[in-house]
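A closer look at the structure
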Amino acid sequence: MEVISSAQDALAKGAAAIKDTVSGAAVENQPFMKGFVRLCADGWLQGWHERNGGNLTYRMTDDEIKACKPFFNANPDEWVNMGVQADNLRGAYFVTTGSGRYMRNVQLDPAHNVGIVEINEVGDAWRIVWGLTDGGKPTSEFPSHFMNHSVRVDATDGECRVIYHAHPDNVIALTKVMPLDAREITRALWKAMTECIVVFPMGVGVVEWMVPGGADIAHATSELMKTYDAAIWAQHGLFCSGPDFDTTFGLMHTIEKAAKIHGQALMMNGCSGEFLNTIDDDGLRAIAHDFNLTINESFLD
Ligand code: 13P
Ligand code: ZN
């Protein structure tokens, strides 16, 4: 009898392992999941994700939810309240990186480092329906991601799907030496490189230093995301939003590169912001005219 029951146990364990592998592969092979994983790997290669730094969320389409649902956990965990609420995200599904999990490892084992969470019908709690194996939880910045998704969904007529938080060196360094003012920082970035105003015509918001990971910083950031599609967290990093992974990664990359050029030019110039050559405000207006851009006029002199 004992032999039979241990054989049955082994069979059940084997069946569960096969089911996990099939469900893992089925979700991991979806194009949106491949795009998610690629962005994590690219961010790591840029050097923006020391240790567990940074996080990424993606709001799934109805078709993607339908394709993945057969592979969701049969018994999802309890709902977890977020401390924030959004009507326009009731019942949404997000892919999210795990809290304390490393961007560097996402590509090696997506199901361990990334999960899918469902939002409840009140729009104030999540539960894990796939991935984040071995007791994982969504990123500690999930409240900020969630509130940013909410305001960007409204601001873009539902187009925004990606929110990306990274710790890019040069953006963080700028917040050590520049006034924490969206107009001043945006102007420096726009003038660092000609095409910046094309990539972020509304500018970049700035959140003063705050404790990360809670509802307060989530509300402060999402207030700014009503106007901007990117917001700097002083002495911490940058949040970017966009309709897809390429656009969102490109926005992060462009802002960080402009910050690097501005910082390098400052150092070459003996830390004076009076540059011999720059793009003047009429130059910025001319780009806006020729590229047919709606820009943040209040940031021009
Ligand atoms: P998580 O590991 O919880 O995503 O936190 C990383 C981070 O960058 C916090 O701001
Ligand atoms: Zn961070």
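Before going into details, it helps to say that this report is about the structure given with it.

The rules behind each value
- Residues numbered from 1 in each chain as written.
- Chains lettered and ligands numbered in written order.
- Predicted model: local features only at pLDDT ≥ 70, side-chain atom pairs only at ≥ 80, totals over all residues.
- Heavy atoms only, no water.
- Helix = DSSP H or I, 4+ residues; strand = E, 2+ residues; numbered from the N terminus.
- Contact = heavy atoms within 4.5 Å.
- Areas by Shrake-Rupley, 256 points an atom, 1.4 Å probe, with all protein chains shown as cover.
- Near = heavy atom within 4 Å.
- Polar contact = N/O pair within 3.5 Å; in protein donor to acceptor, adjacent residues only side chain to side chain.
- Nonpolar A, V, L, I, M, F, W, Y, C, P; charged D, E, K, R; others polar.
- Pairing = 2+ DSSP bridges.
- Salt bridge = Lys/Arg side-chain N within 4 Å of Asp/Glu carboxyl O.
- Buried < 20%, exposed > 50% of the residue type's maximum accessible area, 1.4 Å probe, protein only.
- Expected span 1.5 Å × (residues − 1).
- Donors = N, O, S within 2.8 Å, 3.2 Å for Na, K, Ca; no water.
- Disulfide = S-S within 2.5 Å.
- Phe/Tyr/Trp six-rings, centres within 6.5 Å; stacked < 30°, edge-to-face > 60°.

Counting its regular elements, the protein chain contains twelve helices and nine strands. Put simply, of all contacts in the protein chain between residues at least 6 apart along the chain, 72% involve residues at least 24 apart. Summed over its atoms, the accessible surface of the protein chain is roughly 14700 Å², and 52% of this surface lies on carbon and sulfur atoms.

Our next topic: the site of ligand 1. Taken together, Asn-52, Gly-53, Gly-54, Asn-55, Ser-99, Gly-100, Thr-139, Ser-140, Glu-141, His-165, His-167 and His-236 form the complete shell of residues around ligand 1. Contact between ligand 1 and Asn-55: an oxygen atom at 2.8 Å from a side-chain N or O atom of the residue. Contacts to ligand 1 include Ser-140, whose side-chain N or O atom sits 2.6 Å from an oxygen atom. Alone, ligand 1 offers 310 Å² of accessible surface; in the complex the protein occludes 92% of this. A per-class count over the shell around ligand 1 returns no nonpolar, eleven polar and one charged.

Turning our attention to the sheet that holds strand β7 (residues 205–207). Strand order across the open sheet formed by nine strands is β2-β5-β4-β3-β1-β6-β9-β8-β7, with mixed pairing between neighbours. The two strands at the open ends of the sheet, each matched to only one other strand, are β2 (80–81) and β7. For strand β6 (residues 162–166) and strand β9 (residues 237–242), the ladder comprises five bridges, and the chain directions are antiparallel. Following the sheet pairing, Val-162 is matched in β9 by Gly-242.

Quick look at the environment of Trp-190 now. Counting through the fold element by element, Trp-190 comes out in helix α8 (residues 182–192). Setting aside anything within four residues of it in sequence, one finds Trp-190 in contact with Cys-196, Ile-197, Phe-200, Pro-201, Met-202, Gly-203, Ile-279, Leu-284, Asn-296, Phe-299 and Leu-300.

Two side chains that carry opposite charge are able to pair once their charged atoms sit near each other. Applying the stated criterion across every chain yields a total of nine salt bridges. A salt bridge links Arg-127 to Glu-118, with the shortest nitrogen-to-oxygen separation between them at 3.1 Å. Residue classification places Arg-127 among the partly exposed positions, given a relative accessible area of 21%. Of the charged contacts in the structure, one is a salt bridge between Arg-183 and Asp-301, with a shortest N-O distance of 2.9 Å. Highlighted residues: Arg-183 in helix α8 and Asp-301 in the segment after α12 (281–290), separated in sequence by 118 residues. Judged by relative accessible area, which is 27%, Arg-183 ranks as partly exposed. Through salt bridges with shared partners, a single ionic network connects Arg-183, Arg-187, Lys-191, Asp-281 and Asp-301.

Right, let's get into the pairing of β9. Across the six residues that make up β9, a large majority, six, are buried. Of the two faces of β9, the one holding Gly-237, Phe-239 and Ser-241 and the one holding Leu-238, Cys-240 and Gly-242 are both buried throughout. The sheet contact formed by strand β8 (residues 230–233) and β9 spans four bridges and is antiparallel. Along β9, the bridge assignment pairs Ala-230 with Cys-240. Taking the residues that link successive antiparallel strands as the turn, the β8-β9 hairpin has three residues, and the phi of Gln-235 there is positive, at about 55°.

What follows covers helix α6 (residues 142–155). Between its first and last C-alpha, α6 extends 20 Å over 14 residues, near the 20 Å set by a 1.5 Å rise per residue. Counting buried residues along α6, twelve of its 14 residues qualify, which places the element largely inside the surrounding structure. Phe-142, Pro-143, Ser-144, His-145, Phe-146, Met-147, Asn-148, His-149, Ser-150, Val-151, Arg-152 and Val-153 are the residues of α6 that are buried. Looking one or two residues past α6, Asp-157 carries a phi angle of roughly 55°, positive in sign.

Moving on: the coordination of the zinc ion (ligand 2). Reference values for angles at a metal are 109.5 degrees in the four-donor tetrahedral case and 90 or 180 degrees in the six-donor octahedral case. The protein atoms that coordinate the zinc ion (ligand 2) are His-165 (NE2), His-167 (NE2) and His-236 (NE2), at distances of 2.1 Å. For the zinc ion (ligand 2), all donor residues lie on one chain, and their spacing in sequence is H-x1-H-x68-H. Each of the two residues, His-165 as well as His-167, counts as buried.

Our next topic: helix α11 (residues 245–268). Given a rise of 1.5 Å per residue, 24 residues ought to cover 34 Å, and the 34 Å separating the end C-alpha atoms of α11 matches this to within 8%. Between the side-chain oxygen of the N-cap and the backbone nitrogen of Asp-246 there are 3.4 Å, and the N-cap of α11 in question is Asp-244. The first or second residue beyond α11 is Gly-270, which carries a positive phi of 65°.

In the structure shown here, the tally under the stated rule is zero disulfides. The structure places no disulfide on Cys-68, whose sulfur is separated from the nearest cysteine sulfur, that of Cys-40, by 16 Å. Distance from the sulfur of Cys-240, which forms no disulfide, to the nearest cysteine sulfur (Cys-160) is 11 Å.

Taken as a whole, this structure holds 13 aromatic pairs when the rule is applied. An angle of 85° between the planes, with centres 6.1 Å apart, marks the rings of Phe-36 and Phe-245 as edge-to-face. Taken as a pair, Phe-36 in helix α2 (residues 31–46) and Phe-245 in helix α11 lie far apart in primary sequence, 209 residues in all. Accessibility assignment for this pair places Phe-36 and Phe-245 in one class, buried.

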